[in-house]
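Residue strings, one per chain:
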Amino acid sequence: MNKKKYWFAGIAIIIFAAILTFYFVQKEQERKREEARIAVNLVAMGDSLTEGSGDEKDNGGYVGIIASMLSKREDVRSVKTENYGVGGNRIDQLMKRLDTQPDFQKDVKAANAISITIGGNDVMKVVRSKLLDAEKQDFTKASKIFDQKLKELLAEIRDLNADAPIYVFGIYNPYTTYFADFEVFDEIIAEWNAATKKTLAKTDDAHFISVTKQLEERGDTAVGKANPNLAGDLFHPNHEGYQKMADALYKEMVTSIHEGNIR
């Protein structure tokens with residue numbers, strides 16, 4: 001009888017030890033999974049597209065949307081965003097803010113992801129100054145100046161933060177439905193974006209985010225109608241347009257997470 005008691009006690013101890021081991025193994029696996037999850041710290045900078053102008057839901061444009069999208073991922077522990085978008089900014093004005101604002105610099109240093117919208121106001125400066133007299137060479141000159149400033153901006157960001165992936169949105173043509181015959185503007189946008197993409201290729205972990213297909217409305221049926229991706233001002237994206245921008249950025253950021261470049 002005593003032997004049976006010892007036998008049952010031994011079995012009970014073994015079962016208890018197995019349960020205890022399983023519990024601690026599970027806890028360790030959970031701890032490792034939690035450690036592996038990313039705390040995304042995104043600093044967004046640039047013009048009104050970063051500020052979120054035109055978003056009728058007042059959700060902060062693509063910055064608010066991308067934060068919501070990333071926070072739903074199993075491999076993301078938390079999402080923090082800092083928005084340094086100012087409506088009307090050209091690239092020289094963005095650079096001046098980064099040069100002179102300590103909090104801006106501090107946040108860039110702490111970021112593990114950086115997004116930029118810039119260039120639209122540089123193009124529009126030419127349009128406003130020349131109106132219908134603007135020629136392609138005027139935009140070519142402006143593009144070269146912008147390209148040099150972009151190199152300087154990227155270098156300054158890398159001085160502050162050597163590792164965070166940088167995502168730069170291209171510019172788009174908001175006038176495809178009302179000025180569909182103004183083909184030279186399409187050429188200008190395409191060449192401007194090509195130059196930006198070429199510059200980014202020379203900077204480590206810098207990515208070009210094209211939004212022309214997402215935001216421009218093409219086709220005969222669209223002529224003379226409001227672009228459904230744009231707000232009432234017919235220039236800035238509406239919430240749907242910002243969703244498309246966020247979708248494009250999300251795709252790139254997920255790739256960076258999988259490659260271990262956002263950490």
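Treat the numbers as computed from the prediction; the structure is a model and nothing was measured.

Trainee: Explain unusual backbone geometry here, please?
Mentor: Peptide bonds are trans in most cases, and residues, glycine excluded, mostly fall at negative phi. Positive phi values are uncommon outside glycine, yet Asp58 reaches one of about 50 degrees. With respect to the helices and strands, the residue Asp58 is situated in the loop between helix 2 (48-51) and helix 3 (61-71). Look at Asp58 and you get exposed, because its relative accessible area is 70%. Of note in this structure, Leu234 is not a glycine but carries a positive phi near 60 degrees. Residue classification places Leu234 among the partly exposed residues on the basis of a relative accessible area of 32%.

Trainee: Sorry if this is basic, but what is going on with the pattern of salt bridges here?
Mentor: Here the idea is simple: oppositely charged side chains can pair when their charged atoms come close. In this structure the tally under the stated criterion is six salt bridges. Salt-bridge contacts for Glu82 lead to Lys80; the nearest nitrogen and oxygen are separated by 3.8 Å. You can call Lys80 partly exposed: its relative accessible area is 44%. Linking Asp92 and Arg90 is a salt bridge whose minimum nitrogen-to-oxygen distance equals 3.5 Å. The partly exposed category is assigned to Asp92, whose relative accessible area is 32%. When salt bridges with common partners are traced through the structure, they connect Asp186, Glu216 and Arg218 into a single cluster.

Trainee: How should I be thinking about the side chain of Ser256 in this particular structure?
Mentor: Topologically, Ser256 is positioned in helix 10 (residues 239-258). We classify Ser256 as buried; its relative accessible area is 2%. Ignoring anything within four residues of it in the chain, the contact list for Ser256 reads Pro165, Tyr167, His207, Asn261 and Ile262.

Trainee: Honestly, the pairing of strand 5 (residues 206-209) in this entry has me stumped. Any pointers?
Mentor: It is a general feature of regular strands that their side chains alternate between the two faces of the sheet. Covered by surrounding structure in strand 5 are Ala206 and Phe208 together with His207 and Ile209, the residues of both alternating faces. Bridge analysis of strand 4 (residues 166-169) against strand 5 gives four bridges, and the strand direction is parallel. Paired with Ile166 across the bridge in strand 5 is Ala206.

Trainee: Would you mind showing me how to read the packing of aromatic side chains here?
Mentor: Geometrically, a pair of aromatic rings is defined through the distance of the ring centres and the angle of the planes. By the definition in use, this model includes five aromatic pairs. With 6.2 Å between their ring centres and 70 degrees between their planes, Phe139 and Phe185 make a pair best called edge-to-face. On the criterion of sequence distance, the pair formed by Phe139 in helix 7 (residues 136-160) and Phe185 in helix 8 (residues 183-200) is long-range, its members being 46 residues apart. Note on accessibility: Phe139 and Phe185 belong to one class, buried. Ring centres of Tyr175 and Phe185 lie 6.0 Å apart, and the angle between their planes is 40 degrees; on these two criteria the pair is classed as tilted. With Tyr175 in the loop between strand 4 and helix 8 and Phe185 in helix 8, this pair connects stretches of sequence that are 10 residues apart. Looking at Phe185, the relative accessible area reads 4%, which means it is buried. Connected via pairs of aromatic rings, a cluster forms that spans Phe139, Tyr175 and Phe185.

Calculation rules
Residues numbered from 1 in each chain as written. Predicted model: local features only at pLDDT ≥ 70, side-chain atom pairs only at ≥ 80, totals over all residues. Heavy atoms only, no water. Helix = DSSP H or I, 4+ residues; strand = E, 2+ residues; numbered from the N terminus. Buried < 20%, exposed > 50% of the residue type's maximum accessible area, 1.4 Å probe, protein only. Salt bridge = Lys/Arg side-chain N within 4 Å of Asp/Glu carboxyl O. Contact = heavy atoms within 4.5 Å. Pairing = 2+ DSSP bridges. Phe/Tyr/Trp six-rings, centres within 6.5 Å; stacked < 30°, edge-to-face > 60°.

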